[in-house]
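Working through the structure, step by step
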Amino acid sequence: VMDGVFVPNISFGPAVIGALRPQSKLVFDVHLMITAPERYVDRFIKAGADIISFHVEACKDPAALIKTIKAAGVKAAVAISPDTPAKAILPYLADIDMALIMTVYPGFGGQKFMADMLPKIAAISEYIRKNNLSCAIEVDGGIDVATAPLVAAAGANVLVAGSAVFGASDAQKKIADIRNEAIKSYIG
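Residues numbered from 1 in each chain as written. Predicted model: local features only at pLDDT ≥ 70, side-chain atom pairs only at ≥ 80, totals over all residues. Heavy atoms only, no water.

Examining the overall build of the protein
Each helix and strand counted, the protein has seven helices and six strands in total. Across the protein, helices and strands are ordered from the amino to the carboxyl terminus as α-β-α-β-α-β-β-α-β-α-β-α-α. Here the C-alpha radius of gyration of the protein, 16 Å, is about what a compact globule of 188 residues would show, namely 16 Å. In the protein, which comprises 188 residues, the proportion classed as buried is 44%. Considering only contacts within the protein whose residues lie at least 6 apart along the sequence, 56% involve residues at least 24 apart. (Helix = DSSP H or I, 4+ residues; strand = E, 2+ residues; numbered from the N terminus. Rg over C-alpha atoms; globule rule 2.2 N^0.38 Å. Buried < 20%, exposed > 50% of the residue type's maximum accessible area, 1.4 Å probe, protein only. Contact = heavy atoms within 4.5 Å.)

See below:
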């Protein structure tokens, strides 16, 4: 979900999610790439989000927003953009269900994977393991059959693949290929 302010693009909002929710039993992982997500999170919860990710850079009080999301029975995730250091997300890892590390600048699909984000993924993964936390690590941006094993080896266990899947002639096969490559390298 993009607002044209936090990121330089605009996409659908809670009305579209609400219209799709009755049509699908799939998990709705709603990535809010918006300024002041605390102003709108209730609308996305009511629309049927199962997981809500918001950017630590866009929120005044991430801890309060995490509590709001979880109190509604929705999984909470905190996202960080490429320029944000791993340490920005560490204080929230014990309270969230998932950490989302962007491996491209949020806002546009089809960008090239930023390999220099791999140490950030590894640092967050190591922190989670050392502190015995159950937080998943999601990676979004430039994920395909070549990059999936790289992020999995760094500790990611939830991968978002957009252009690689939607640009494929056989989307189901592409998803299986990406998944299989990631599984081979996952450090678990």
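Once you've had a look at it, read on.
Details of the side chain of T103
Along the polypeptide, T103 turns up in the loop between strand 4 (98-102) and helix 4 (118-130). Contact partners of T103, with chain neighbours within four places excluded, come to K112, F113, M114, M117, I121, V139, D140 and G141.

Points about the pairing of strand 4
On a regular strand, one side chain projects to one face of the sheet and the next to the other, so that they alternate. Extensive coverage of strand 4 is indicated by the burial of five of its five residues. The two faces of strand 4 match: M98, L100 and M102 on one face and A99 and I101 on the other face are all buried. Pairing of strand 3 (residues 75-80) with strand 4 involves four bridges; the strand directions are parallel. Bridge pairing links V78 to A99 in strand 4. Inspection of the sheet shows strand 4 paired to strand 5 (residues 136-140) by five bridges, in the parallel sense. (Pairing = 2+ DSSP bridges.)

A closer look at unusual backbone geometry
Positive phi is not limited to glycine here, since A36 has a value of about 50 degrees. Note on placement: A36 falls in the loop between strand 1 (29-32) and helix 2 (41-47). What makes A36 buried here is its relative accessible area of 14%. Even without being a glycine, N132 presents a positive backbone phi close to 55 degrees. Position of N132 relative to the elements: it lies in the loop between helix 4 and strand 5.

Details of helix 3 (residues 62-71)
Of the positions making up helix 3, those classed as buried are P62, L65, I66 and I69. Down the axis of helix 3, the buried side of the element spans an arc of 105 degrees, and every buried residue falls inside it. Every exposed residue of helix 3 that faces more than 90 degrees away from the buried side is listed here: K67 and A71. (Arc of directions from axis to C-beta.)

Digging into a positive patch on the surface
A cluster of basic side chains, namely R39, R43, K46 and K60, defines a positive patch on the protein surface. Structurally, the position occupied by K60 is in the loop between strand 2 (51-55) and helix 3. Judged by relative accessible area, K60 falls into the exposed class, the value being 80%. (Patch = residues over 30% accessible without salt bridge, like charges linked within 9 Å, V, L, I, M, F, W, Y side chains within 5 Å. Areas by Shrake-Rupley, 256 points an atom, 1.4 Å probe, with all protein chains shown as cover. Salt bridge = Lys/Arg side-chain N within 4 Å of Asp/Glu carboxyl O. Lys, Arg positive; Asp, Glu negative; His and termini not counted. Charge placed at Lys NZ, Arg CZ, Asp CG, Glu CD.)

Remarks on the environment of C135
Tracing the backbone shows C135 in the loop between helix 4 and strand 5. In this structure C135 comes out as buried when scored by relative accessible area, which is 7%. Separated by 43 residues in sequence, C135 and Y92 place their C-alpha atoms 9.8 Å apart. Beyond its immediate chain neighbours, meaning those up to four positions away, C135 contacts L93, I96, D97, M98, A99 and I128.

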